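Next come the chains, spelled out residue by residue.
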Amino acid sequence: MVKIDTGDTAWLIVSSALVLLMTPALALFYGGMVRRKNVLSTIMHSMAAIPILSVTWVLFGYSLAFGPTHHGLIGGLGLAGLGGLAAEAHGTVPALAFAAFQMMFAVITPALISGAFAERMKFTAYVAFILLWSTLVYDPVAHWVWADGGWLYKLGALDFAGGTVVHLTAGVSALVCALMIGKRAGYPRHRSLPHDLTMKLTGAGLLWFGWFGFNSGSALSSGQLAALAFMTTHLGAAGGALGWLFVEWRHRG
């Protein structure tokens, strides 16, 4: 029987909380970039994803993503309601801690897409969209890449912190949404300028902070790999921030 490592477990739980913080941070980031009259609706796109997708993740999402595989494509409903996980381990951490960590990824990914249609989708349509998208897109792709029996996992796919499961799926889906909804009315004659850059930068700073849990937590342990991911994450963000600073300075003074 695998012995639970308390250090790894503590780090994963803290990382889960850091990843959860990224969704309210995303709400601030997107909320600062829209017009004042649409701030609340834009923030709700991110905030509503937390309770909705947390519940669906427990009911069936985790099972579809990480349950016993059906031909490498989907996990089925064998772990619906997280049944039987209370006393199980995933490597050196409790299975429930792993499920909670993965839950936070499942929550923020559909919220990322909302930036593509901010100010242009009714809330009821958004709720239907994230429910369908997380079930039909996120859960199967997570199984393909991260589950032991997933067909991409068996081919040797390496997705340490969601490059495929989170960012590729969200990015492609955001592009499709933008193309389907079409251009904003009056664009490009009229530009919708951000109403609050302070809110936007506060959200960006909190996203930077939360990303340490997003990336370092994906090591599922508190060892050398987590330290490498931590340092790489910070230097990558610092380099990107410097690049943005110099471009803005050059073009706008």
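Below, the structure is looked at part by part.

Reading the values: rules and limits
Residues numbered from 1 in each chain as written. Predicted model: local features only at pLDDT ≥ 70, side-chain atom pairs only at ≥ 80, totals over all residues. Heavy atoms only, no water. Core = buried A, V, L, I, M, F, W, Y, C linked by side-chain atoms within 4.5 Å. Buried < 20%, exposed > 50% of the residue type's maximum accessible area, 1.4 Å probe, protein only. Helix = DSSP H or I, 4+ residues; strand = E, 2+ residues; numbered from the N terminus. Contact = heavy atoms within 4.5 Å. Phe/Tyr/Trp six-rings, centres within 6.5 Å; stacked < 30°, edge-to-face > 60°.

1. A closer look at the nonpolar core
Residues Trp57, Tyr62, Phe66, Ile113, Tyr138, Trp146 and Phe214 are the most contacted members of the largest nonpolar core, which totals 50 residues. Put simply, the parts of the chain that give this core at least two residues each are helix H1 (6–33), helix H2 (39–66), helix H3 (95–113), helix H4 (123–146), helix H6 (163–181) and helix H7 (197–216). When residues in this core are grouped by element, the largest group, 13 residues, is from H3. Excluding residues that lie within four positions of it along the chain, Phe214 makes contacts with Val19, Met22, Phe101, Phe105, Ile108, Ala161, Val166 and His167. Core analysis: the second largest hydrophobic core is formed by six residues, Ala27, Val34, Val39 and Met199 among them.

2. Focus: unusual backbone geometry
For residues besides glycine, phi is generally negative; the peptide bonds are generally trans as well. For Leu82, which is not glycine, the phi dihedral falls at a positive 60°. Mapped onto the fold, Leu82 is located in the loop between H2 and strand E1 (89–90). Here the phi dihedral of Glu119 falls at roughly 75°; this positive angle occurs in a residue that is not glycine. Along the chain, Glu119 falls in the loop between H3 and H4. For Glu119, a relative accessible area of 18% corresponds to the buried category.

3. Topic: the packing of aromatic side chains
Considering all chains together, one arrives at 16 aromatic pairs under this definition. Centroid distance Phe66 to Phe98: 5.2 Å. Interplanar angle 80°. Geometry classified as edge-to-face. Taken as a pair, Phe66 in helix H2 and Phe98 in helix H3 lie far apart in primary sequence, 32 residues in all. Residue classification places Phe98 among the buried residues on the basis of a relative accessible area of 4%. Through pairs of rings, three or more aromatic residues link up here, namely Trp57, Tyr62, Phe66, Phe98, Trp133 and Tyr138.

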